[in-house]
Amino acid sequence: MNKQTLTTKQQQIILLLYRFRFLSTYHIQKFLQHTNPTRIQTWLQELTQNNYTISDYSRSSFEQNTKPATYCLASKSKKVIQEKTGENHTNLKYIYSEKNRSNTFKEHCLTLANIGINFLYQDNNTKTTKHFFTKVDMAAYDYFPDPLPDAYIAIKEAEKTKRYYLTLFDEKTPRFAMRARIKQYITYVEEEHWKKHTDQPLPLILVVCHDEQKRRYLYRFIKVALNDSFLNDLSFFLAIKQDILKHGLQSNIWQKVGIFDKKNNE
């Protein structure tokens, strides 16, 4: 098999892995909205056999044997991505080391994919248009925060569009890294990077914490950081990972953190 014989769906799988880095067979089936998992597995087996993708599926233990296979890009995928996106070859060098990524990084990517699927397909409201952009999608634009959020989300209903930045903190994310990320968001808003490029409202900032302890810590830190800033109208919204995976982004699980919030049960 060569790039000329790749099916349309196989090319779409490569582009999905380009955007999300690591995906399971379940994720790929959901993103493609395909009803036949056996067909998905056949496409992936062909891609892996021909060095377009890499699978980390293992039968070494019962636990591993019951998990769906996880895939990332292999070296041969670069030409497909370049032809489909025009991406610079230099920017795709990371593919050579993709198979050596840490388990923490892989889990981060898989969790983000779960969030994306829950968001995009959790209801069938035909009057609403949803977009879920990853770091790869945002990289070509210079008005997003630096470093980039994990996702940029847009929900359009009628003539109104709601926009969000989403950051996911993992179980092992140290507190200093979380503090730095919050400060970067505050600086981004203070320097009006978004405002300089559009007259649309600033995206709301969503932060997903691994557990309740980390959420409570961030709540207190953000309160102090906002009070020390020059901003009167910036708010963060906090939620816990398991709540997001269970209920999606639309439910009432977010805790607002702003300077003038009267309710403070922390």
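One can find the structure itself at the top, above this paragraph.
Residues numbered from 1 in each chain as written. Predicted model: local features only at pLDDT ≥ 70, side-chain atom pairs only at ≥ 80, totals over all residues. Heavy atoms only, no water.

K.L.:
Looking at this structure, I do not really get the pairing of strand 7 (residues 204-209). What am I missing?
P.N.:
Where a strand is regular, its side chains alternate between the two sheet faces. Taking burial as the measure, the six residues of strand 7 include five buried ones, the bulk of the element. Relative to strand 7, strand 6 (residues 160-168) is paired through five bridges, and the arrangement is parallel. Within the sheet, the bridge partner assigned to Tyr 165 lies in strand 7 and is Ile 205. Remark: the strand 6/helix 8 (residues 175-190)/strand 7 crossover connection has right-handed handedness. (Buried < 20%, exposed > 50% of the residue type's maximum accessible area, 1.4 Å probe, protein only. Helix = DSSP H or I, 4+ residues; strand = E, 2+ residues; numbered from the N terminus. Pairing = 2+ DSSP bridges. Right-handed = clockwise from strand over helix to strand, strands pointing away.)

K.L.:
Would you mind showing me how to read the layout of surface pockets here?
P.N.:
If a probe the size of a water molecule is rolled over the atoms, the empty space left behind becomes visible. Of the voids in this model, the largest pocket is the one considered here, and its volume is about 580 Å³. If you go around the largest pocket, you meet 26 residues; those closest to its centre are Tyr 18, Thr 134, Lys 135, Val 136 and Asp 137. Mapped onto the lining of the largest pocket, the elements with two or more residues apiece are helix 1 (8-20), helix 6 (103-121) and helix 7 (135-138). In terms of residues, the lining of the largest pocket owes the most to one element, helix 1, which gives six residues. (1 Å grid on protein atoms, 1.4 Å probe; cavity = no way out; pocket = protein on both sides within 12 Å on 5 of 7 lines; lining within 4 Å. Points joined across faces, edges and corners; volume = space filled by probe spheres on them.)

K.L.:
Is there a simple way to explain the pattern of salt bridges in this structure?
P.N.:
When their charged atoms lie close together, side chains carrying opposite charge are able to pair. Inspection of the entire model under this criterion finds eight salt bridges. Ionic pairing is found between Lys 106 and Asp 56, a salt bridge with its closest N-O pair at 4.0 Å. Of the two residues, Lys 106 sits in helix 6 while Asp 56 sits in the loop between strand 2 (53-55) and helix 4 (62-65), which places them 50 residues apart along the sequence. A salt bridge links Glu 192 to Lys 195, with the shortest nitrogen-to-oxygen separation between them at 3.8 Å. Judged by relative accessible area, Glu 192 falls into the partly exposed class, the value being 37%. For Lys 195, a relative accessible area of 59% corresponds to the exposed category. Residues participating in the shared-partner salt-bridge network are Arg 21, Glu 98 and Arg 101. (Salt bridge = Lys/Arg side-chain N within 4 Å of Asp/Glu carboxyl O.)

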